[in-house]
Amino acid sequence: MSFHVSLVGRKNLSREIYRQIARAILEGRLRPGDRLSPSRELAEALDVSRMTVNVAYERLAGEGFVTTRQGAGTFVSDSVTRLAPKAAKPQSRGALQSRTIWQSVSVQTPFAQPAHYDFRTGLPDAALFPHPAWRRCVSQALLSIGSTAGIYGDPAGLGDLRAAIARQIGFSRGVEASADDIIVTTGTQQALDIIARVLLSPCDTIAVEEPGYVLPRLLFHSMGLRVAGVPVDQEGIVVARLPHRARAVYVTPSHQFPLSVAMTLRRRLALLAWAERNDAAIIEDDYDSEFRFGGRPLDSLQSIDAKGYVIYVGSFSKTMLPTLRLGFLIAPPSLREALLSAKFVSDWHTSGIAQGALARFMEEGSFARHIRKMTAVYRERHAMITEIVARDFAEHLELLPSEAGLHVAAFARTVTVDQINKVVLHAAERRVAIQDFVTAAAAPPVRAGLMLGYGAISSKRIRGGLRLLRQCLDEMPRPA
Ligand SMILES: Cc1ncc(COP(=O)(O)O)c(C=O)c1O
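Predicted model only: the values in this text are computed from it and were never measured.

About the cut-offs
- Residues numbered from 1 in each chain as written.
- Predicted model: local features only at pLDDT ≥ 70, side-chain atom pairs only at ≥ 80, totals over all residues.
- Heavy atoms only, no water.
- Helix = DSSP H or I, 4+ residues; strand = E, 2+ residues; numbered from the N terminus.
- Pairing = 2+ DSSP bridges.
- Axes fitted to C-alpha atoms, helices over the stretch in contact; angles between N-to-C directions.
- Left-handed = near helix turned anticlockwise from the far one by under 90°.
- Contact = heavy atoms within 4.5 Å.
- Nonpolar A, V, L, I, M, F, W, Y, C, P; charged D, E, K, R; others polar.
- Parallel < 35°, antiparallel > 145°, perpendicular 65-115°, else oblique.
- Near = heavy atom within 4 Å.
- Polar contact = N/O pair within 3.5 Å; in protein donor to acceptor, adjacent residues only side chain to side chain.
- Areas by Shrake-Rupley, 256 points an atom, 1.4 Å probe, with all protein chains shown as cover.
- Buried < 20%, exposed > 50% of the residue type's maximum accessible area, 1.4 Å probe, protein only.
- pLDDT = per-residue confidence, 0-100.

## Some remarks on unusual backbone geometry
Here is step 1 of the chain: Looking along the chain, the bond that leaves Glu-210 and enters Pro-211 is cis, with omega of 5°.
Here is step 2 of the chain: In this structure, Pro-211 sits in the loop between β5 (205-210) and α8 (214-222).
Here is step 3 of the chain: The linkage connecting Phe-257 with the following residue, Pro-258, adopts the cis geometry, with an omega of 10°.
Here is step 4 of the chain: Take Pro-258: it is sitting in the loop between β8 (248-251) and α9 (265-278).
Here is step 5 of the chain: One non-glycine residue with positive phi stands out, namely Asp-47, at about 60°.
Here is step 6 of the chain: Examined against the element boundaries, Asp-47 turns out to sit in the loop between α2 (39-46) and α3 (50-62).
Here is step 7 of the chain: Even without glycine at this site, Cys-203 takes up a positive phi of about 80°.
Here is step 8 of the chain: In this structure, Cys-203 sits in the loop between α7 (187-199) and β5.

## Observations regarding the sheet that holds strand β15 (residues 435-436)
Here is step 1 of the chain: Spatially, β12-β13-β16-β15 is the arrangement adopted by the 4 strands of the open sheet, whose pairing is antiparallel. Where the open sheet ends on each side, the last strands, each with one partner, are β12 (397-399) and β15.

## Focus on the packing of α7 against α8
Here is step 1 of the chain: Running from amino to carboxyl end, α7 crosses α8 at an angle of 35°, the nearest separation of the two axes being 10 Å. Read as a crossing pair, α7 and α8 show a hand that is right-handed. Listed contacts from α8 to Gln-189, Leu-192, Asp-193 and Ala-196 of α7 are Leu-215, Pro-216, Leu-219 and Phe-220.
Here is step 2 of the chain: Looking at the contact of α7 with α8 residue by residue, the class counts come to 6 nonpolar, 1 polar and 1 charged.

## What about the packing of helix α5 (residues 131-145) against helix α12 (residues 352-363)?
Here is step 1 of the chain: Closest axis-to-axis distance for the α5/α12 pair is 8 Å, and the angle between their directions is 120°. On the basis of their axis angle, the class for α5 and α12 is oblique. Crossing angle aside, the handedness with which α5 passes α12 is right-handed. Side by side, α5 and α12 meet where Ala-133, Trp-134, Cys-137, Val-138, Gln-140, Ala-141, Leu-142, Ser-144 and Ile-145 of the first sit next to Gly-352, Ile-353, Ala-354, Gly-356, Ala-357, Leu-358, Arg-360 and Phe-361 of the second.
Here is step 2 of the chain: Partitioning the contact of α5 with α12 into residue classes produces 12 nonpolar, 4 polar and 1 charged.

## Structural notes on the site of the ligand
Here is step 1 of the chain: The full set close to the ligand counts 13 residues, and Thr-188, Asp-285, Ser-315, Ser-317 and Lys-318 are the nearest of them.
Here is step 2 of the chain: A distance of 3.1 Å is found between an oxygen atom of the ligand and a backbone nitrogen or oxygen belonging to Gln-189.
Here is step 3 of the chain: With respect to the ligand, the side chain of Arg-325 contributes an N or O atom lying 2.8 Å from an oxygen atom.
Here is step 4 of the chain: Here the ligand, which alone exposes 400 Å², has 92% of that area covered by the protein.
Here is step 5 of the chain: In terms of residue count, the dominant contributor to the shell around the ligand is α7 (3 residues).
Here is step 6 of the chain: Partitioned by chemical class, the residues of the shell around the ligand number 4 nonpolar, 6 polar and 3 charged.

## Let's talk about the pairing of β5
Here is step 1 of the chain: Counting buried positions along β5 gives 6 out of 6 residues, so the element sits mostly inside the fold.
Here is step 2 of the chain: Going residue by residue along β5, you find Thr-205, Ala-207 and Glu-209 tucked away on one face and Ile-206, Val-208 and Glu-210 tucked away on the opposite face as well.
Here is step 3 of the chain: Examined bridge by bridge, β5 and strand β6 (residues 226-233) share 6 bridges and lie parallel to one another. Counted as the bridge partner of Ala-207 is Ala-228 from β6.
Here is step 4 of the chain: Of the pairings in the sheet, the one linking β5 to β8 comprises 3 bridges and is parallel in character. When the sheet's bridge partners are listed, Val-208 is paired in β8 with Tyr-250.

## Describing the confidence of the model for the chain
Here is step 1 of the chain: For the chain, mean pLDDT is 91; residues scoring 70 or higher make up 95% of the total.
Here is step 2 of the chain: Between residues 84-89, whose pLDDT stays under 50, and residues either more than four places distant or in other chains, the model counts 12 contacts.

Here is the structure:
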């Protein structure tokens, strides 16, 4: 039985193979009696030594996940129960056990190590961040917090920061909001957390883009929600495929993750009409659209929503740094009080010092300057990558249109979903870090493809990195 194992960016390869197979068994993707790939075949497919696979298989056998029948192969044990609490986390035996849902959600650390040619998505260029200006703002925030430092703050966030955010997004995204409409959050992820808790009950259905950003999907799943993946085409999420029973839909309309396309106006209007018909919420994640390289930005869903169905979510992870953990949301007035209460019971408020520093950074114009500078930098990288891919990868990749954000995406023309994963692994060996669509898909993706991020790679490394990537694609055998 061959199934997908990904070793991208992983260190302990045997443990990783063990972990992924154990998880597949627990989640029922591998069922009792299923035969695992012979160790030689899996080693070849993953381009690792046979010993690496054997160590993983022996551990799986030792813990009862699989049994080996001499001459026949290795099979998933009949005795393993799907998501059985004891077998689920063999490393955490103890009196207390988590709810079973946590056995299918785990910490993912794809960004553990920096890479020489780093095409991973979602990482801004920290080397070009104005650290001196930021340090100054942090010191001023520390000084000014003075006598109020010992008192908890407003769950909505610092007034100065909310006012600065309202000005910024009004100007750059046409989002109509006042400081009073904004709630500062600990990143997008917390915004989604409190929105879901306010709107949805366990077993409610939330629709997400497929392929799409994985973290919200895991979050919603961990809350006991039914998560329905809805396909995305070149116009954005396919509204006609949204389940009627969905109470909410989570979308990335400005720059779809991972396909990088922008949702067309026609689709935006259809989505708003769907929300109205079904009395469902639209959660609009506008994570990286401050960086635009051409064309007129389409209005945000929030700004064309006349009926109050859209909740807009913004993040400072790309415009500033992801380690700051700062974001915000803007919700229709009907939800504001409940969202504030959810924020309050969640963590009372986001760090006052980080908020104070960001407010100053925005007020003094450093934020706008940084965006202008980085837009020029990312524009150059975006142009370089799209030009090289269009010219030198024409036989391998079909570039998807994109005019914003920190990554572009391309469908593979000649290789399969499994092969593109091998390309990713071969590239990693050549110090090229890149992700395929598998990392953004709940089920095996319909089409193979790659995401090419340019936040973390300097312009002078792009050519070299793409040359190596091209070699990896060239080396893949073509399907007969
Ligand atoms: C689609 C999408 N939304 C939002 C974010 C940012 O999330 P956060 O603000 O929690 O860092 C990312 C980060 O990669 C992302 O890919």
